[in-house]
Amino acid sequence: MYEPKRLHPISSVINFVKTLKDAALPLLLVFVLNGNIFSGDVDWIPLLIWIGVLFLVLISGVIRWLRFSYWMEEGELRIEYGFIFRKKRYIPVDRIQSLDFSEGIFHRPLNLVKVSVETAGSTGSQNAEAELTAIRREEAKELETLIFQEKSGYVSTGEEADDADIEAAQSPREKVYGMDMKDIVLMAITSGGAGVVLSGVIAFFSQIMDNLPIGKIYDEILDWIQIGVLVVAFTAFVVLLIAYAISIVLTIFRYANFAVYLEADDLIITRGWLEKKQMTIPINRIQGIRIDENLIRQPMGYASVTLISAGGSVLKNDEHQLRMLPMIKKNEIQKVLKMILSDYQMVDEFKQPPSRSKYRYMIRHSWLGFLAAVPVSIFFFPYGLLSISAGIFLVFLGGMAYRDAGWNAYDTQLTLRSRIIIKQTYLMKKHRVQAASGIQTLFQKRADLSSVKLTLTSGGGAAVAQCHYLEEKDVSHILNWYLSSRREEKPAES
Amino acid sequence: MERQPVQRISKRALTLWRIYGGIQFSILLLISIGLVVATVLWEWPWWITAVAAALLLIDAVVFIWIVPGLRWKRWRYEVTEQDIDLQYGIFIITRTLVPMVRVQHVDTEQGPLLRKFKLSTISISTAATIHKIPALDEREAERLRQSISSLARVAEDDV
């Protein structure tokens, strides 16, 4: 570990694939613009250029692997990389919060792991983070042991650490939560992922539509509408179904074997079938908890629990990674929280906004919908009127938002519940809240109403909990809660 | 929370904001002149000129006369040992509390116009938010910056 080391050669392939994936869209575009390959009408020169580019990308992947080295020296993890510009990144071990291992399809057959180094980055300062694309699992373990030994003040002199030390350094893992297949399937079926896949498919189809001979179609448009509507509706339905199926399968693959472990002061989340992922979240970095209930899951009594963490690199990249409990019966949350974050309490009693706020919620949710319905109704006259029903749905949603809004300040915890589409409940500790604001328009001032907004740190940015149209004195109460007795109250774990 | 913060920002901010309003007005004026020329050249309908003139007038009244005064009147702040307390906004009034222990760093900044008026903007950063107090007296801003940064014992890495 003390000599410069290379990554596993497979990382050059991974680099190649990754660059290709990032460049997939422009590449595809070139193929589309390049004429129809199937009809043999291909412009050869651009194609050759692109093959050349592909080759260069492959070479650069290999060079990147050749020029990348890492080692431990003077209590720092040192990484040097770069082809034309040599870059050195030295990360002091004290700054390293955790090492996360994940495995992609390239890693598994070769028993390799990808190591992400997460550091205590904050806004202001440059996030020092690093990624070792592929190293052998044993090396990764060794690196981890070494880093945490140095971190705890013990500097190992030899290359090999004592086995006993390793044993001592690793405290036992305790499984606090696991998902069974039934939950995962249910989650996949009720997820919003279908929408994401669907929008991708729509984007794809709109591309094709652009290339159709529009003028010719326009002549036949009247005939086309007669039979066309049926065909289009049917196609749309099939596409929707396929998208939905894909999203379900993807979710199952991604969340299979989902489990949460507690190891010393860290929370460890593992999941995935083809691509195994492991996330480590130091418990003292957790800033707050958010509970989401979407429209489908809420009536079934299910919710998902998301951690808001001040962590660095890995957490930022993938929004799913922070999900601690992706699908859980709402009444079981407390039980799991008690094992991990015992100072957070689930709350049942909420102080709600006054009844004069109700129509404000409805207007707030729906005005944009109604406004959009006006041009839609005019331009697509008879059928466009249907868009008004979307506005009515939004009014209904606004009514739900009113019913779900509420707050509870007890001891050092503030619980804020609100809904835009998904019902969200934030559990916040006083000493984790970065700033609190009361926000009031002049209209609200006249009605003695006010909104409240609390900001937590999340990754490099912010997580904002907001609740609208509360009684003005309630917002005062929350701000006073935030102000008062901060002097005697100190964060327990820091 | 019934009590408002006590400090106000510098009265010179009023003049400064009026100048900003004036700059915005002159840009609009230039565009309007362009419009009038175009109207004459290509015989566009006359009401375009009328609309432009009306917009200009409204802009002048609102951004040179009304807004700076309202904005100044609303802007209040107070820095105690424990908290920074801000209140601002014309139509949307925001009251913000930032505990001193959450403050990570404080900056003052000064553009050419601000320098001319011996004013300075102070921005207070936490791990998640940035709060600005605009147009403070230069010396007051400097004093505030020093007192905040000495009061803010930057919390350890738990943010």
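Just above sits the structure.
Residues numbered from 1 in each chain as written. Chains lettered and ligands numbered in written order. Predicted model: local features only at pLDDT ≥ 70, side-chain atom pairs only at ≥ 80, totals over all residues. Heavy atoms only, no water.

Peer 1: Tell me about the sheet that holds strand β7 (residues 130-137) of chain B, and name the residues and values.
Peer 2: Residues and elements named next belong to chain B. Ordered by their spatial adjacency, three strands build an open sheet running β5-β6-β7, and the pairing between neighbours is antiparallel. On the outer flanks of this sheet lie β5 (105-109) and β7, each paired with one strand and no other. Adjacent strand axes in the sheet meet at a mean angle of 20°, parallel and antiparallel pairs treated alike. Bridge count between strand β6 (residues 119-125) and β7: six bridges; the pairing is antiparallel. In the strand pairing of β7, Ser-120 is matched with Leu-136. Seen against the sheet, helix α1 (residues 12-42) touches β6 and β7 and runs at an angle of roughly 105° to β7. (Pairing = 2+ DSSP bridges. Helix = DSSP H or I, 4+ residues; strand = E, 2+ residues; numbered from the N terminus. Axes fitted to C-alpha atoms, helices over the stretch in contact; angles between N-to-C directions. Contact = heavy atoms within 4.5 Å.)

Peer 1: An account of the sheet that holds strand β1 (residues 7-8) of chain B is needed here, citing residue identities and associated values.
Peer 2: Overall, antiparallel pairing links the seven strands, which are arranged β19(A)-β18(A)-β17(A)-β4(B)-β3(B)-β2(B)-β1(B) in an open sheet. Unpaired on one side and paired on the other, β19 (461-471) of chain A together with β1 of chain B mark the two borders of the sheet. Across the sheet, helix α4 (residues 138-151) of chain B is in contact with β1, β2 (76-79) and β3 (83-88) of chain B; its angle to β2(B) comes to roughly 40°.

Peer 1: So, the pattern of salt bridges: which residues are in play, and what are the values?
Peer 2: Residue and element names in this part refer to chain A. Evaluation of the coordinates by the stated rule reveals 22 salt bridges over all chains. When the shortest N-O distance is used, the salt bridge between Arg-356 and Glu-471 registers 2.9 Å. Highlighted residues: Arg-356 in the loop between α11 (333-340) and α12 (358-379) and Glu-471 in strand β19, separated in sequence by 115 residues. Looking at Arg-356, the relative accessible area reads 32%, which means it is partly exposed. For Glu-471, a relative accessible area of 18% translates into the label buried. Residue Arg-419 pairs with Asp-404 through a salt bridge whose shortest N-O separation is 2.7 Å. Here Arg-419 is found in strand β15 (residues 413-419), whereas its partner Asp-404 is found in helix α14 (residues 387-404), with 15 residues between them in sequence. Side by side, Arg-419 and Asp-404 carry an identical accessibility label, which is buried. Through salt bridges with shared partners, a single network forms among Glu-293, Lys-330, Asp-404, Arg-419 and Lys-423. (Salt bridge = Lys/Arg side-chain N within 4 Å of Asp/Glu carboxyl O. Buried < 20%, exposed > 50% of the residue type's maximum accessible area, 1.4 Å probe, protein only.)

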